[in-house]
Amino acid sequence: MDLLSFARGPALQWALVIFVLGSLWRLAGILLLRRKPDYTEPRSRATWRGALKLIVTRTWSRREFRASTAFGQSLGYVFHIGLVVVVFGFVPHILFIHSLTGLQWPGLPSSIVYVSGALTVAALVAALVRRLSNPVLRLLSNFDDYFSWLVTVTPVITGLLAVAHLGARYETLLAVHILSVCLLLAWLPFGKLMHVFLVFISRGTTGALFARKGAST
Amino acid sequence: MNTQRDPTVLESFQQQGLSRRAFLKFCAATASLLALPAARAAELAEKLAGMPRPTVIYLSFQECTGCLESLTRSFQPTLESLIFNTISLAYNDTLQAAAGEAAEAAREDAMRKAWGKYVLIVDGAIPRPEDGAYCVIGGRSALDLLRHAAEGAAAVVAVGTCAAFGGIPYAAPNPTGAASVQDLVGDRPVINISGCPPIPEVITGTIVYFLGFGVPELDAQRRPTMFYGTTIHDRCYRRPFYDKGLFARSFDDEGARNGWCLYELGCKGPVTYNSCATMKWNDGTSFPIQSGHGCLGCSEPNFWDGGGFYRPLSSGLWHGGIGEGLGVAAVAGVAIGGAAAVAARQRQKRTTEAGKKPPEAP
Amino acid sequence: MRTLESIPIVVEPCAAATGMVTAILRELEAALHALLDHGTRHVIDLSAMPLSARDRQALERTLGEGELRMDLQALGHSRIRESSLPGIWWLRHEGPDGRLLAEHIEVATVPAIVAAHADDLATTRIRLAALIEQVSRGGDA
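These numbers come from a predicted model, not from an experiment.

Engineer: Run through the overall build of chain A, naming residues and quoting values.
Structural biologist: The secondary structure content of chain A amounts to nine helices and zero strands. For chain A, the sequential pattern of α-helices and β-strands runs α-α-α-α-α-α-α-α-α. Taking the principal axes of its C-alpha atoms as reference, chain A extends roughly 65 × 35 × 35 Å. A burial count over chain A gives 30% of its 217 residues as buried. Within chain A, counting contacts between residues at least 6 apart in sequence, those at least 24 apart form 76% of the total.

This is how it looks when you write it as structure tokens:
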């Protein structure tokens, strides 16, 4: 079996299996935990509204912290939006999702996707530089931080190389790109990348608690 | 004319009523096809003029005869048919007039006379199990015929994807245990001219090149790089549409009529090495993409099992659905997560209970 | 009802001029130097060049037509023309079915395919001797 057939076949299948199994494992494990019973009088019963509100309000820092967090947060938005544009806007990716789920939507012009991909890589590299140069961040960073960065940036770089037909024969570039995505899928449930699901759960839980307590969300 | 020795290539042209100048035209056309520089083109003409026609044995096994049909035109003499003036085709079971034991004996005779020097052309795959019993010609298995013929060959040319990589007999589940020529021939130079079928000029061009200069430069799949060095995608006239992201969504839709890229309709051009986009088919008339259908990838190994002709390259390559597997994974994930949560809850309960107990009196 | 004829064909031929004509002329210049200095001939294969329609017209116009035109009937028709520049020849080879086999520009005193080969001359000598014998014996030429 050649590398591309392996990447598109068993590698991708197993990566998806691990992704589904791992994600549901962690989600079930977290959601089924006991929460400390709250014996206080609830100030408000609109906890769902509070949950949703906090998800939205936490998209940007509170004014007091903005000065120190703006740069990092902006970098984050650049690569998050960049990834969304690349993953969900590039026609070959849409076709892949279509082959899995049956869903399909119109794609973006490829040049926009390429520029977005380049900006994503730049922002990710800048984020890594910031993590390494800031002494506090450096102290706090662990294997999860660096490895998650690596499995995120590698698909974008290998994807750009593949569309540029740069560095090796196209079928090799495509195979390497698909394998890097397999690695991302397999790692995602077990590291900080799980925030793709957990961010909504954690913000929502906090918002629900705040609403119940009558704190501002 | 000296009738004792075999006629040279030029002499056989002349025997057909074609002059030296006709021969030079043939060489010029072939050299142009091979993109040879002028000096090499002249060299080719000189070499061919003086050399005796090499014996060629053409053996057909598990094949559909499409490759031979590509090579020959039964109702119109073409340049490709002139290949038969440059070679002495001692055996081809489709083209020859002779049949039966006499034909087989004539083949053995020709092979013996040119032992070690003849060119063996093979099309079709070769089944291996049961001593090769699934393909038997004239009482001998294809396996046996190939092994015997390859022993005395100067080179083996595997024409068509079936001979080069196994092709359709090799496709899943390969019920006959088909193998390719290179799987079976280890000690002779093997040249793969893959394609289903290969472009006729690619077949004739490679043979003429071999006659003039020996084995050409081959890629990792043993295909001549002069024809298989670039992908269809690299030379496709619809490439600007791919680069812009303009794809036809279904056959005969607006995009298709405007000649947009056929990636979404399953075109395997980006991973297929062949000359279809430049040389085209039927004397340069067209090729699949120009006619509105995506490339099948027919010159690549295992293209029949490549995930489907109409599924794009970016879709997964699994047979049957993946839904079941993911369903099982989902259930397993929830189960493991649930078990982890239950264990955690037990721990939480124990901690809470421990906290409720009053401290030991001092 | 949708038929083949009702599907419009969008044809956009490339008409722009590229720099190929100048490149070819420079190659001809170099080839001419080689011919004068060493007597070597040179052939440019036009089928191997990415020439647009406008390039081809420009090249034909630039090279022009000379005083010598030759027709070769062998394996189909071939047209050999000397350009307005002596020593630069334009050869167009067609096959028996009329399709284009090869198109060359050759820099030489005379194109290689035109001159009679030594082996052919030897054959001519034999045949001529036979013809002379036949004619002198009183038979018709």
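Engineer: Got a sec to walk through the overall build of chain B? Specific residues and values, please.
Structural biologist: Along the backbone of chain B there are 18 helices and nine strands. For chain B, whose C-alpha radius of gyration is 29 Å, the value lies well above the compact-globule estimate of 21 Å for 362 residues. Across its three principal directions, the C-alpha atoms of chain B cover 125 × 55 × 40 Å. Evaluated residue by residue, chain B yields a buried proportion of 45% over its 362 residues. Put simply, 70% of the contacts in chain B that link residues at least 6 apart link residues at least 24 apart.

Engineer: Mind laying out the sheet that holds strand β9 (residues 190-193) of chain B, listing which residues take part and the relevant values?
Structural biologist: Residues and elements named next belong to chain B. With parallel pairing, the five strands of this open sheet are ordered in space as β2-β1-β3-β7-β9. Edge strands, defined here as strands with exactly one partner in the open sheet, are β2 (88-92) and β9. On average, adjacent strands in this sheet sit at an angle of 20° to one another, irrespective of strand direction. The pairing of strand β1 (residues 55-60) with strand β3 (residues 118-123) spans five bridges and is parallel. Counterpart to Leu59 in the pairing with β3 is Val122. Contacts from helix α8 (residues 142-151) reach β1, β3 and β7 (153-159) within the one sheet, and its direction differs from that of β1 by about 165°.

Engineer: Account for the nonpolar core, with residues named and values stated.
Structural biologist: Grouped together as the largest cluster of nonpolar side chains are 124 residues, with contacts concentrated most on Cys27, Ile57, Leu120, Val122, Val156 and Ala158 of chain B. Broken down by element, this core gets its largest block of residues, nine residues, from helix α2 (residues 20-33) of chain B. Ignoring any residue separated from it by four or fewer positions in sequence, one finds Cys27 of chain B in contact with Ala41, Leu44, Ala45 and Leu48 of chain B. With 28 residues, the next largest nonpolar core counts Ala7, Val20, Ala175 and Ile178 of chain A among its residues.

Engineer: Which residues make up unusual backbone geometry, and what values do they have?
Structural biologist: Glycine aside, the phi torsion of most residues is negative, and most peptide linkages are trans. Cis rather than trans, the peptide bond between Ala172 of chain B and Pro173 of chain B has omega equal to 0°. With an omega dihedral of -5°, the bond running from Cys196 of chain B to Pro197 of chain B counts as a cis peptide bond. Phi at His165 of chain A is positive, roughly 55°, even though this residue is not glycine. Along the chain, the position of His165 of chain A falls in the loop between α7 (143-164) and α8 (170-187). Despite not being glycine, Glu130 of chain B shows a phi value in the positive range, around 55°. Along the chain, Glu130 of chain B falls in helix α7 (residues 129-132).

Engineer: Residue-level account of the arrangement of the chains, with values.
Structural biologist: Taking contact number as the criterion, the leading pair out of two pairs of chains in contact is chains A and B. At their nearest point, the C-alpha atoms of chain A and chain C are still 22 Å apart, with no contact between the two.

Engineer: Pulling in residues and values, what's your account of the interface of chain B and chain A?
Structural biologist: Each side of the interface is counted separately: chain B has 34 residues, and chain A has 35 residues. Elements supplying a minimum of two residues to the side of chain B that touches chain A: α15 (239-244) and α18 (323-356) of chain B. Looking at side-chain class alone, the side of chain B that touches chain A contains 17 nonpolar, twelve polar and five charged residues.

Engineer: Could you give an account of the environment of Glu300 of chain B, naming the residues involved and the relevant values?
Structural biologist: Residue and element names in this part refer to chain B. In this structure, Glu300 sits in the loop between α17 (276-279) and α18. Note on Glu300: 27 C-beta atoms within 10 Å, which makes it buried. As a C-alpha pair, Glu300 and Thr272 span 28 residues in sequence and 6.2 Å in three-dimensional space.

Engineer: Give me the interface of chain B and chain C: which residues, what numbers.
Structural biologist: At the junction of the two partners, chain B supplies 21 residues and chain C supplies 22 residues. Take the side of chain B that touches chain C: its biggest share by element is nine residues, from α2 of chain B. Of the residues that constitute the side of chain B that touches chain C, the class distribution is ten nonpolar, six polar and five charged.

Engineer: Explain the domain arrangement of chain B residue by residue, including any values.
Structural biologist: How large an interface is tends to be reported as the accessible area lost when its parts come together. All names here are of chain B. Taken domain by domain, chain B holds domain 1 (54-228) and domain 2 (232-305). Computed over C-alpha atoms only, the centres of domain 1 and domain 2 are separated by 28 Å. Elements with a contribution of two residues or more to the side of domain 1 that touches domain 2: α9 (161-165), α12 (200-213) and α13 (225-228). Among the residues making up the side of domain 1 that touches domain 2, the classes are represented as nine nonpolar, three polar and two charged.

Engineer: Residues and numbers for the sheet that holds strand β3 (residues 77-82) of chain C, please.
Structural biologist: All names here are of chain C. On the basis of which strands lie adjacent, the open sheet formed by five strands has the order β1-β5-β4-β3-β2 and antiparallel pairing. The open sheet is flanked by β1 (42-45) and β2 (69-73), the only strands paired with a single partner. In this sheet, neighbouring strand axes are inclined to one another by 20° on average, regardless of whether the strands run parallel or antiparallel.

Engineer: Go over α8 of chain A with me, naming the residues and quoting the values.
Structural biologist: Over its 18 residues, α8 of chain A runs 26 Å from end to end, which matches the ideal 26 Å to within 8%, given 1.5 Å per residue. Burial of α8 of chain A is extensive: 14 of the 18 residues sit out of reach of the surface.

Engineer: How would you sum up the packing of α2 of chain B against helix α3 (residues 38-50) of chain B? Please name residues and give values.
Structural biologist: Residue and element names in this part refer to chain B. It is at 9 Å that the axes of α2 and α3 come closest, and there the two elements cross at 135°. Taken together, α2 and α3 sit at an angle that is classed as oblique. The crossing of α2 and α3 is right-handed. Facing α2, whose interface residues are Phe23, Leu24, Cys27, Ala28 and Ala31, α3 presents Ala41, Leu44, Ala45, Leu48 and Ala49. When the residues that make up the contact of α2 with α3 are grouped by side-chain class, the tally is ten nonpolar, no polar and no charged.

Engineer: Can you lay out the confidence of the model for chain B for me, pointing to particular residues and giving the numbers?
Structural biologist: When pLDDT is averaged along chain B, the result is 88; 94% of the residues meet or exceed 70. Note on the complex model: pTM 0.83, ipTM 0.84.

Engineer: Mind laying out the environment of Thr205 of chain A, listing which residues take part and the relevant values?
Structural biologist: Among the secondary structure elements, Thr205 of chain A is positioned in helix α9 (residues 195-213). Note: C-alpha distance between Thr205 of chain A and Ala127 of chain A (78 residues apart in sequence) is 28 Å.

Engineer: Which residues make up the packing of helix α3 (residues 63-89) of chain A against helix α5 (residues 110-133) of chain A, and what values do they have?
Structural biologist: All names here are of chain A. Between α3 and α5, the least distance of the axes is 8 Å, while the angle of their chain directions is 145°. α3 and α5 meet at a crossing whose hand is left-handed. Seen from α3, the contacting residues are Gly72, Leu75, Val78, Phe79, Gly82, Leu83, Val85, Val86 and Gly89; seen from α5, they are Val113, Ser116, Gly117, Leu119, Thr120, Ala123, Leu124, Ala126, Ala127 and Arg130. The class makeup of the residues in the contact of α3 with α5 is twelve nonpolar, six polar and one charged.

Engineer: Provide a residue-level description of α3 of chain A, including the pertinent values.
Structural biologist: Residue and element names in this part refer to chain A. Here α3 contains 27 residues, and its C-alpha end-to-end distance of 33 Å is more than 12% below the 39 Å for a straight helix at 1.5 Å per residue. At Thr69, α3 is bent by approximately 70°, the largest bend along its length. What α3 keeps buried is the set Phe79, Gly82, Val86 and Val87. Those residues of α3 hidden inside the fold are in contact with α4 (91-101), α5 and α7.

Scoring rules and cut-offs
Within each chain, residue numbers correspond to sequence positions counted from 1 in written order. Lettering of chains starts at A and numbering of ligands starts at 1, both following the order in which they are written. Given that the model is predicted, a residue must reach a pLDDT of at least 70 before its local features are reported, and side-chain atom pairs must reach 80 or more before they are shown or counted; all residues, however, enter totals for whole chains, interfaces and linings. Helix and strand assignments come from DSSP, with helices taken as H or I runs of at least 4 residues and strands as E runs of at least 2, each series counted from the N terminus. Burial is judged by counting the other C-beta atoms within 10 Å of a residue's own C-beta: 20 or more makes it buried, 12 or fewer makes it exposed, and any count in between marks it as partly exposed, with every C-beta position built from the backbone. Each residue is represented by a C-beta atom placed from its backbone, and any two residues with such atoms within 7 Å are regarded as in contact. Only C-alpha atoms enter the radius of gyration, while the globule expectation follows 2.2 Å times N to the 0.38, with N the number of residues. A pair of strands is labelled paired if DSSP reports no fewer than 2 bridges between them. For every element, the axis is a line fit to its C-alpha atoms; helices are fit only across the contacting stretch, and the angle between N-to-C directions ranges from 0 to 180 degrees. A set of buried residues qualifies as a nonpolar core if it consists of Ala, Val, Leu, Ile, Met, Phe, Trp, Tyr and Cys joined through C-beta atoms within 7 Å. Think of it as three bins: nonpolar holds Ala, Val, Leu, Ile, Met, Phe, Trp, Tyr, Cys and Pro, charged holds Asp, Glu, Lys and Arg, and polar takes everything else, Gly as well. Boundary definitions for the domains trace back to an automatic or database domain assignment. Multiplying 1.5 Å by the residue count of a helix minus one yields the expected span of that helix. Angle categories are assigned with fixed cut-offs, so that under 35 degrees is roughly parallel, over 145 is roughly antiparallel, 65 to 115 is roughly perpendicular, and the rest are oblique. By definition, any crossing whose near helix is turned counterclockwise from its far helix by less than a right angle is left-handed, and any crossing with a clockwise turn is right-handed. What pLDDT expresses is the predictor's confidence in each residue, scored from 0 to 100. Bend at a residue means the angle formed by two fitted axes: the first through the 7 residues ending at that position, the second through the 7 residues beginning there.

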